[in-house]
Amino acid sequence: MVPLSWYLLLSAVLFACGVAGFLLKRNIITIFMSIELMLNAVNLSFIAFASRWQALSGHIFVFFVMVVAAAEAAVGLAIIISVFRTRETLNVDRVNLLKL
Amino acid sequence: MSLHLWLIPVLPLAGAAINGLFGRRFSNKAVNAVALTFTAASFAWAAMVAVRFLGMPAEQVPHLEHYADWLRLGSFRIEFGLYLDQLSMVMMLIVTGVGFLIHVYAAGYMAHEGGYYRFFSYLNLFMFFMLTLVLANNYLLMFVGWEGVGLASYLLIGFYFRRDSAANAGKKAFITNRIGDFGFLVALFLLVKHFGTLQYTEVFQKAAQYPVEIGAGLLTAIALLMFVGATGKSAQIPLYVWLPDAMEGPTPVSALIHAATMVTAGVYMVCRSNAIFSRAPIALEVVAIIGVLTALMAATIGITQTDIKRVLAYSTVSQLGYMFLAAGVAAYSAAIFHLMTHAFFKALLFLGAGSVIHACGGEQDMRRMGGLRRYIPYTFWTMAIATLAITGIPGLAGFFSKDEILWQAFASPHGHWVLWLLGAVTAFMTSFYMFRLLFLTFFNEYRGAEVEEHTPVAAHASANTQSPEHGGHTHTVPVGGHATVAHAPQHGHSGGDHGRHGAPHESPWVMVIPLVLLAVLSAVGGYIGIPKAMGGNNHFEHFLAPVMPSLASDSAGQHGNNALGQHAMEPRQEQTQSHADHQTELLLTGVSVLIAFAGAGLAWLLYVKRRDIPGRVADSLGGLYRGVLNKYYVDEMYGAAFIRPLIGLSRSVLWRGIDQQAIDRSINNVAGGTTGVSNGVRQIYSGNIRSYAGWVSAGAAVVVFYMVWVATR
Amino acid sequence: MIPSADYIRILPEIVLAIFGMIVMVADPFFDEKSDRHALGVVSAIGLVAALGATFYMAQYPGTAFFNMVRVDAFSVFFHVVAILVSLAAVLMSFEYVERQKIRHGEWYGLILLGTVGMGLMASAIELVMIFIALEISSIATYILAGFRRNAAESSESSLKYFLLGSFATAFFLYGVALMFGATGSTNVDMIGASLRNGAPTMAYLAMALMFVGIGFKVATAPFQVWTPDVYEGAPTPIVALMSSGPKAAAFAVLLRVLFGTQAPGWFWLVWVSAVLSMCLGNLGALVQSNVKRMLAYSSIAHAGYLLVAFAAVRHTDAGISAAMFYAASYAAMNVGAFAVVSHFASLGERYTYIDAYAGLGRRSPILAGLLTLFLLSLIGIPFTGGFFAKFYVFTAALRSELVGLTIIGVINSAVAAYYYLRLIVYMYMREPLTDEPVVPVRFGAGFAMAMCAAATIYLGVLPNRVLGYALESARTLVR
Amino acid sequence: MLHTVLFLVFGAICVGGAINLLAQKHPISSALSLIVVMGSLACLYLLLGAEFAAIIQVIIYAGAIMVLFVFTIMLLNAGEEERTKGSRIATIFGVPGLLIGGLVGAWVILRGSEDQTSLSVGQFYGSAEGVGRLLFRDFLLPFEVTSILILIAIMGAVVLARPRGEE
Amino acid sequence: MNTASFNPYILTLVTFLPTLGAVLLLIFPRRERDIRWFALAISLITFLLSLHLPWHYRNGAEGFQYELDKAWITTPNIHYHVGVDGISLWLVVLTTFLMPICVLASWKSIHDRVKEFFILMLLLETAMIGVFIALDLFLFYFFWEATLIPMALLIGMYGHERRIYAAVKFFLFTMVASVFMLAAIIWLYAKTGSFDFVVIQQMIASGQLTLSSTAALWLFLGFFVAFAVKVPLFPLHTWLPDAHVEAPTAGSILLAGVLLKMGTYGLLRFNLGLFPDEAHRHQPWIMALALIGIIYGALVAMVQPNMKKLIAYSSVSHLGFVVLGIFSFTQLGIDGAVYQMLNHGVSTGALFLLAGQIYDRRHTYEIKDYGGLATHMPVYATFFLVITLSSIGLPLLNGFIGEFLILAGSFQAKAVYGILGATGVIWSAAYMLWLYQRMFYGNVTHEVNATLRDIDGRERTAVWPLAIASVVMGVAPMVWMNAIDAASVRVVEHTGGQVQQIGEVLGTGTPTNHLNQAQPDNASSQPSAEEHGR
């Protein structure tokens, strides 16, 4: 018997890891991956809540989130590629033409 | 019945307007014609009015004429209205009469000047304002004239405006007058505040409800403030400084404005407001003291001056002092009497001086004149009469008036023997410097050419040091070229076209006739006011009595109410009579006559017989002499004490300091500070994605924390 | 089984989607040389049609597709705003895409499809629906921002926008999840219903996270940091679009979420956020010499003003209507300003620095005049939309006794005057650096500018109709 | 009981993978650890009875998306990431913010579920059929709309990733 | 024509005719000559139309005339509500009167971007008139702001070297200040639900809208700051000299002639009209500021090396008088203040006009570059003299009436105000005459000045009306005063000030010791002030 809150905590931890990744990683792709991690965390809590409320809609949300994530991935990676083309780097700290 | 008084001031105004607007296209003759016609017309009308006025029954006096409302705000009402009573009639006649004569004279005197039309339109303008001043039926209208004559004199003093000295003198005159007017204005405010009106009749009525003030009260305040105005206009201590400089103007102007009429406005005002002054003994005292002191001081300066016009100027100041002395002892009619006679002989003196200057081709320094009586007899004789008149030689106008004043100074309830003494001393000096002038100018031999080192300090160099085309003594004659230019000064200090000839010559008849007429007036003018003591019965005083009822401090109570009543003069009679009797009066008269002769004698001794003495005296007195010569350095003192500090303060503290440093700088600092903050804020947008994420997540943390706090609160 | 009325209730989206695909598909059929003006025209037509569809849709208020969307005055209002903004963007792209050598098909297609997202955001009442709509419009703008592919700035701005955007989306999504967990529902109305009887702490947490997400989209402090960079780098017409259209839609979402669910406890949140946005935006803009960036900062500040209206909780209808009016008039003047900038920037967006504007009043009076109008409106000079927008906002705030907030806002708008004025000063009071003639305005951009100018003035002189409609929709929102 | 054990195991793997994702220098390793996380998440979904979700989690996420990632990493042959000191803000504001937010969130979660609704295997079963019904009825509109989303994504990928020069 | 039907629309017509002209100007004429003539024609027509106002003005009648009140915007409830009373009436006429003169003044001096110039001028005219006729706070604020932009542009586009600095300074000063007014207006609206001046005045006066003391304070200050900057009142005046020095001639004329009056008008209409009690409470320090302005302005003017700066500072001094009069709360004071606004418009406007004319010849405002002009430009010198005299308040010229009434009024309010203010007559004489001497008297120091030609027909046409006006206004003030007095009496009664009545004046006149009368007179002259204070 696992209390719901454990799942939620787990998802919170994962989400936090995602945020931390965004904050700390330098490689654009890794950062993007941490975003995906955050989405996964969210998914987990959706599923958890779904089973709490006995409502399937939670699962539907997960589905949509994945779709969106896929779309984002496609676009995001394309963007990353075009950035790499212009700047020849994947280090996010070096992408700072625009400032102040 | 209306006397159409308005014609009297308006006619000169018309003349001024015509000359001012179209004069430039007129020939000198035309300008003349216009100016003289309108003045003459005004004089004629004034005379007619006077005749009809004398025919009026007493209860119709004062005769009021109301034409229009200037201001009507609620109960506050200022009329365009004129006020004719004995006082204003006298003034009106003096102004128009003497004014007309001087116009005639000027026609000749200015004949060769540029800016002819300007001159005459200014002169007419002056007449207009002066007449407004004397005929006004309320204080504000009087103030109009008051300021107006100031303007006219500003313009006329600055007539030779290309000479900085002239321009300065004009400005000085106007501003000094303004200082006086400030006092006058405040007096008017007091009237408005407490009486709610400025109409003479109403003001006097209200004033009459006040008893004679022991100590200083409202009326004293009003009176003193008015007197401040008077000191400005009539060149009394401390504001007399402008008058001597005013001699920069053409001589007829000096005669008309700075001797005969305008400068007496102060006296007129004090007398006009006697209802107030008489109830403010303290004010009266102040007036008397200031008056006599001015008289004395001016006289001392007059002794040392060598510029003929300046001598006359200081003598004017001192004579005005006499008038105020009279007014100060509540002998208003005596003041007016002297005002009149003084108008005659002082005008005459100035015109004579003008004629002298004219004769010597623009020379004003008496040390370069002398022996002129052979060249210009008319001038000499007329001036001699005037001199006798002013020094108070019996039988001439000045004698009666001055004697009356001295007597009142002694005998009037407000009088005091000290006042008399000082007056007498002044009288001595007066006769001394007047005869000095006469002798230096007309006796001995002509000193036109050489320069004599009589006094170490250049007498009138001090007066117009800034004058470019006039360096001290060596009066260079500039190329007459710019004489054609509209505004070249001819008489002032540079021999113009007709100043080039050696021998002095008599002036044309247009200038001589006025001299003669004025001489006659100064000779006989006094006989309308022979005091009782000498068998006459002071017609003049009786004539003016209704305007200026005297009320001695003790009997104020019962006379207050019928103050304006006709019969209010009997008490005055018994007052004076009770004080002293004819014997004393005659005695004092004798004394003053002696003094006069003494002064004359001394002058004869020093400037005809032993002409080496003055120099030695001067040297022996040294510093004192120089002090007096430089008019006690009053101008310099004013300069050092007020003007320069003020300018310095304004420039360095107010403008540079407060305006530019304090205010503007601080505003700019605010702007700069904002820019700084802005630059700081921009550091947030560092361009680094992770920093942005940092901001976002920090913000998110705050938001989360807050919301949860709210929830669990 | 689905009533046809439901399709009418999403008619604008359908129309937009169809036209978007048409444009996208049509593109390859043009050969290389021929100019693809037609595409632009077609998409413009599509937008106009969508506008018509919106008005048609307005006849059929109500929910559709099992409470996914609701058509009410509120959604219609924002539909119109979003569509008009996109229309302006399309019009001003006519020359832009030519000049920048950008592929027309994708460009117009993305704009249209992005507009679908905005429309859905306006009418969605289901959090998941909202989420997807949000993503549609955002992803479209991510891509469009990076369209000038051979310009490093463009792709960088695209990257920044994308990464941070999805970061924020994750927050929003987490919020949705928690809200679902707290209430067992993701339908705004049902959430409202369940929150009305006691909100669990988790709901607050959810609300906070959603606020983070949407706050990012509308660029209010402290989630505004991305704005200047992204706006500076992105193609100007797109900046015009995304600073008005998606933003307005996001505000619509915020309104739905905050007021529709009657979620508690966010008052001070909004208050502080408003103040921060105003101050940080204006202060940042003060010393900005790049016009696009300056306008970006100013858009932050304006978001702040708009939030002031949210804080007017005592008279919600006044507040909401003020906010809606503000969104509309801000869209008008902002798009207008960007239209001028985008035209003037010309090839490769060279002239975006303020010095380039020196003497514009002499070189091209019309452009300068229009820009001046828009700037004055942004300052908030009377008889421009900007004035009434601010005016309603502050009135609403004062009626809710928010004196302090109003004072801060008013002072801010005074400070803001400085940097707008600076541009005007440059245009009129400085001598031009070059006397090369400004590229003449062609039909598309000209029409866009005219449209915005007309709207700005209309809102400034006769705000009645619009405000009245806003009030009505506000009432529908807080039933 | 079993449920608890499984939860602990997969949960541990998840967290471990996540942390590893952070710890790894090379993007490939990060990607792999992310795949691990996703896999174990799928298992957790199963525990919660979400078959459908679990499956697509594996197919879409681990299968499609992560492949895309790896593909990109290879394409750009991204190497070790260098530890540049780009942003102090992220460390001095972001990380503390993260911690505070996380703690608060955790506290809320723990406190928010006093009811202690505890879950066990098979207690709630989300069949693909049920999901399908729901998806194609109630959530029809979002489902259709996602097509537009995908379309946009495709276009974007095409436009942005197209090599230079060929406009 | 049937004036009755015409009356309600005359104001609107007068106000927007210039705008119409501007629009026509935008499209129709091409050649610069035509533009100038067209602008002149428009401004003249406007002036003639505006003469309808005083012509058919009913002096006796209460309240506002030519009133037009049309609902304009429902939410917020904004009306297009215009109307004039004796105060605004003449300010409108002043504006329309100055405008043709400005057009003439910029006839030759503006040769670049002529069309824009005259368009801006006409728009500015509309805005300025609007400020004076607006009876709806919102409308007022709109016109108020609307004056700002054209003026700033006039300065910035057609000014001299430091024009941008001046323009921005001008704009920011006024903008920042008026924002506070906006806040106050909105607050009032939020409370009353109306922008209508009359309505709000009623509500406040009848206590229907009760203001907490702090609220009243802030509202008062909100309005006050906006107006004080415009007046400008020390120490907020520093924008004025810069603006004037840099502005083109016409700009200076309008700035001094009309824009500054907007400030004093606002004080009179709104600060006194809406918050009489507050006005009374703050009278002392406002009076003090006004006095500082008078003396300070004059002293600083005295030492200015630059002609226009000098005139600018003299404006500070003159408007100090106006404020002094307004806050004396006496009939005389306020009459004088309003009249002084007109005077200052005429005489200072004329001074700037003349300054501009000499600038056209020598392109410098430095006084030291002149001297001896009277010799070669007699006509110019004469005009300058007349105007100088009118500006130093010589009797029978316009300046005197205003100053006298103001000072008398403030003296009634409190003796010391009157006395200190009266020193102004000395200062003004000092700096103006000094200026005149330095410019016109003495010998020509710079040879160039000897070659200057006297002012030509066009320039004289521009100056004559002003000179005549200053004389007529000095001699026959009642022409203006009848209308003004009625209005200001109403203001005074509303603010519980002192109306001119002998009765109460003599009431204090118990002939006792009066010299130290400051305290008793305060007590007597404004008892109403005290009870208002409570």
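Given the structure is predicted, the values throughout are model-derived calculations rather than measurements. (Residues numbered from 1 in each chain as written. Chains lettered and ligands numbered in written order. Predicted model: local features only at pLDDT ≥ 70, side-chain atom pairs only at ≥ 80, totals over all residues. Heavy atoms only, no water.)

Draft legend 1. The arrangement of the overall build of chain C in detail. Secondary structure assignment for chain C yields 20 helices and 2 strands. For a compact globule of 479 residues, the expected C-alpha radius of gyration is about 23 Å, and chain C comes in at 21 Å, within 12% of that figure. If one aligns the C-alpha atoms of chain C with their principal axes, the spans along those axes are about 70 × 55 × 40 Å. Within the span of chain C, comprising 479 residues, buried residues form 75% of the whole. Here chain C displays about 12000 Å² of accessible surface, and carbon together with sulfur accounts for 67% of that area. (Helix = DSSP H or I, 4+ residues; strand = E, 2+ residues; numbered from the N terminus. Rg over C-alpha atoms; globule rule 2.2 N^0.38 Å. Buried < 20%, exposed > 50% of the residue type's maximum accessible area, 1.4 Å probe, protein only. Areas by Shrake-Rupley, 256 points an atom, 1.4 Å probe, with all protein chains shown as cover.)

Draft legend 2. Focus on the interface of chain D and chain A. Contact residues are listed per partner, giving 85 residues for chain D and 70 residues for chain A. Across the chain D to chain A interface the summed buried area is about 6800 Å²; carbon plus sulfur atoms make up 77%. Across the contact surface, chain D and chain A share 0 salt bridges. Within the residue set of the side of chain D that touches chain A, elements represented by two or more residues are helix 1 (2–23), helix 2 (27–47), helix 3 (51–75), helix 4 (88–112), strand 1 (118–119), helix 5 (128–136) and helix 6 (140–161) of chain D. Here the residues of the side of chain D that touches chain A are counted per class, giving 54 nonpolar, 24 polar and 7 charged. (Contact = heavy atoms within 4.5 Å. Buried area = accessible area lost by both parts, 1.4 Å probe. Salt bridge = Lys/Arg side-chain N within 4 Å of Asp/Glu carboxyl O. Nonpolar A, V, L, I, M, F, W, Y, C, P; charged D, E, K, R; others polar.)

Draft legend 3. Fine view of helix 6 (residues 127–145) of chain C. In this model helix 6 of chain C runs 26 Å from its N-terminal to its C-terminal C-alpha over 19 residues, within 8% of the 27 Å that 1.5 Å per residue would give. With 19 of 19 residues buried, helix 6 of chain C is to be regarded as a mostly interior element. (Expected span 1.5 Å × (residues − 1).)

Draft legend 4. Representation of the pattern of salt bridges in the model. For the structure shown, the criterion picks out 40 salt bridges over all chains. One salt bridge connects Arg-9 of chain C with Asp-6 of chain C, and the closest N-O pair in it is separated by 3.3 Å. Placement of both Arg-9 of chain C and Asp-6 of chain C in helix 1 (residues 4–9) is noted, with a separation of 3 residues, approximately one turn of the helix. A residue is classified by how much of its surface remains accessible, and Arg-9 of chain C, at 13% relative accessible area, is buried. Salt-bridge contacts for Glu-278 of chain E lead to Arg-281 of chain E; the nearest nitrogen and oxygen are separated by 2.2 Å.

Draft legend 5. A look at the pairing of strand 1 (residues 63–73) of chain B. Residue and element names in this part refer to chain B. Across 9 bridges, the pairing between strand 1 and strand 2 (residues 76–84) is antiparallel. Bridge assignment links Leu-73 to a residue of strand 2, and that residue is Phe-76. Between strand 1 and strand 2, which pair antiparallel in sequence order, lie 2 residues; one of them, Gly-74, sits at a positive phi of approximately 60°. (Pairing = 2+ DSSP bridges.)

Draft legend 6. Broad picture of the nonpolar core. Tyr-139 of chain B, Phe-310 of chain C together with Phe-327 and Phe-404 of chain E are the most contacted members of the largest nonpolar core, which totals 804 residues. Counting residues per element, this core draws most heavily on helix 3 (residues 57–87) of chain A, which supplies 20 residues. Counting contributing residues per domain, this core is built from domain 1 (1–79) and domain 2 (127–167) of chain D, each supplying no fewer than three. The contact partners of Phe-327 of chain E, leaving out residues within four places of it in the chain, are Phe-220, Leu-267, Leu-272, Ala-279, Gln-283, Ile-286 and Met-287 of chain E. (Core = buried A, V, L, I, M, F, W, Y, C linked by side-chain atoms within 4.5 Å. Domains from an automatic or database assignment.)

Draft legend 7. Focus on unusual backbone geometry. The amide bond that connects Val-231 of chain E to the next residue, Pro-232 of chain E, takes the cis arrangement and shows omega of -10°. Tracing the sequence through the fold places Pro-232 of chain E in the loop between helix 8 (213–230) and helix 9 (239–246). At the junction of Phe-234 of chain E and Pro-235 of chain E, the peptide bond is cis and its omega measures out at 0° in the coordinates. Looking at where Pro-235 of chain E falls in the secondary structure, it is placed in the loop between helix 8 and helix 9. Even without glycine at this site, Phe-66 of chain C takes up a positive phi of about 55°.

Draft legend 8. Fine view of the packing of aromatic side chains. Tallied over the full model, the rule gives 125 aromatic pairs over all chains. On the numbers, 6.2 Å between centres and 40° between planes, the contact of Phe-63 of chain A with Phe-52 of chain D is tilted. Separated into two different chains, Phe-63 of chain A in helix 3 and Phe-52 of chain D in helix 3 make up a pair that spans both. When its relative accessible area of 11% is taken as the criterion, Phe-63 of chain A is described as buried. A ring pair is formed by Phe-223 of chain E and Phe-270 of chain E, whose centres lie 6.0 Å apart and whose planes are at 15°; its orientation type is stacked. One end of the pair, Phe-223 of chain E, is in helix 8; the other, Phe-270 of chain E, is in helix 10 (residues 249–274), with 47 residues separating them in the sequence. Relative accessible area serves as the criterion here: at 1%, Phe-270 of chain E is assigned to the buried category. Positioned above the aromatic ring of Tyr-158 of chain E, the side-chain terminus of Arg-113 of chain E is 5.9 Å from the ring centre. In this structure, Lys-230 of chain E packs its charged tip against the face of Trp-144 of chain E, placed 4.9 Å from the ring centre. (Phe/Tyr/Trp six-rings, centres within 6.5 Å; stacked < 30°, edge-to-face > 60°. Lys NZ or Arg CZ within 6 Å of the ring centre and 35° of its normal.)

Draft legend 9. Structural view of the interface of chain D and chain C. Of the residues lining the interface, 24 residues belong to chain D; the matching set on chain C comes to 36 residues. Overall, the association of chain D and chain C removes approximately 2900 Å² of surface from exposure, summing both partners, and the carbon and sulfur fraction of that is 79%. There are 0 salt bridges connecting chain D and chain C. Our count for the contact surface shared by chain D and chain C stands at 0 residue pairs in polar contact (both at pLDDT 80 or more). Elements that contribute at least two residues to the side of chain D that touches chain C include exactly helix 4 and helix 6 of chain D. It is helix 6 of chain D that provides the largest number of residues to the side of chain D that touches chain C, a total of 13 residues. (Polar contact = N/O pair within 3.5 Å; in protein donor to acceptor, adjacent residues only side chain to side chain.)

Draft legend 10. Structural detail: the arrangement of the chains. Here 8 pairs of chains are in contact, and chains A and D lead that list by number of contacts. Separated throughout, chain A and chain E approach each other most closely at a C-alpha pair spaced 25 Å apart. Between chain D and chain E there is no contact, and the shortest C-alpha to C-alpha distance separating them is 35 Å.

Draft legend 11. Representation of the state of the cysteines. Residue and element names in this part refer to chain D. Under the counting rule described, the total for this entry stands at 0 disulfides over all chains. Free cysteine: Cys-14, not disulfide-bonded; nearest cysteine sulfur from Cys-43 at 8.3 Å. Here Cys-14 falls in the buried class, since its relative accessible area comes to 0%. (Disulfide = S-S within 2.5 Å.)

Draft legend 12. Summary view of the confidence of the model for chain C. Residues and elements named next belong to chain C. Across chain C, pLDDT averages 89, with 99% of residues at or above 70. Here helix 15 (residues 360–363) stands out as the least confident element of chain C, with mean pLDDT 84; helix 6 is the most confident, with 93. Across the whole predicted complex the pTM is 0.85, and at the interface the ipTM reaches 0.87. (pLDDT = per-residue confidence, 0-100.)

Draft legend 13. Layout of a nonpolar patch on the surface. A cluster of nonpolar side chains, namely Leu-21, Phe-22 and Phe-26 of chain B together with Trp-464, Ile-468, Val-471, Val-472 and Val-475 of chain E, defines an oily patch on the protein surface of about 660 Å² accessible area. Listing elements by their share of the nonpolar patch, those giving two or more residues are helix 1 (7–22) of chain B together with helix 19 (457–475) of chain E. The greatest single-element share of the nonpolar patch, amounting to 5 residues, is contributed by helix 19 of chain E. For Ile-468 of chain E, the location among the structural elements is in helix 19. (Patch = residues over 30% accessible without salt bridge, like charges linked within 9 Å, V, L, I, M, F, W, Y side chains within 5 Å.)

Draft legend 14. Region of interest: the environment of Gly-321 of chain B. All names here are of chain B. The topology assignment puts Gly-321 in helix 14 (residues 308–328). By relative accessible area, Gly-321 is classed as buried at 0%. In sequence terms Gly-321 and Arg-611 are 290 residues apart; their C-alpha atoms lie 31 Å from each other. Residues within four places of Gly-321 in sequence aside, it is in contact with Gln-236, Gly-291, Val-292, Thr-294 and Ala-295.

Draft legend 15. Highlighting the confidence of the model for chain B. Residue and element names in this part refer to chain B. When pLDDT is averaged along chain B, the result is 80; 87% of the residues meet or exceed 70. Low pLDDT, under 50, characterises residues 450–501; the predicted model gives this stretch 104 contacts beyond four residues in sequence or across chains. Across residues 551–576 the pLDDT falls below 50, and counting only partners more than four positions away or on other chains, this stretch makes 32 contacts in the model.

Draft legend 16. Fine view of the packing of helix 4 (residues 116–135) of chain B against helix 10 (residues 251–260) of chain B. All names here are of chain B. Where helix 4 contacts helix 10, the two axes come as close as 12 Å, and the packing angle between them is 5°. Between helix 4 and helix 10, the angle is such that the two are roughly parallel. When helix 4 is examined against helix 10, the residues Phe-119, Leu-123, Phe-126 and Met-127 are found in contact with a partner set consisting of Pro-252, Val-253, Leu-256 and Ile-257. Within the contact of helix 4 with helix 10, the residues separate by chemical class into 8 nonpolar, no polar and no charged. (Axes fitted to C-alpha atoms, helices over the stretch in contact; angles between N-to-C directions. Parallel < 35°, antiparallel > 145°, perpendicular 65-115°, else oblique.)

Draft legend 17. Local environment of the side chain of Asn-412 of chain C. If you trace the backbone, Asn-412 of chain C turns up in helix 18 (residues 403–429). Not counting residues within four places of it along the chain, the set of residues in contact with Asn-412 of chain C comprises Met-278, Cys-279, Asn-282 and Tyr-305 of chain C.

Draft legend 18. Examining the environment of Trp-604 of chain B more closely. Residues and elements named next belong to chain B. Its location among the elements puts Trp-604 in helix 23 (residues 582–609). On the basis of relative accessibility, which here comes to 41%, the residue Trp-604 falls in the partly exposed class. In this structure, the C-alpha to C-alpha distance between Trp-604 and Leu-440, residues 164 residues apart in sequence, is 9.7 Å. Sequence-distant contacts of Trp-604, defined by excluding residues within four places in its chain, comprise Phe-439 and Lys-609.

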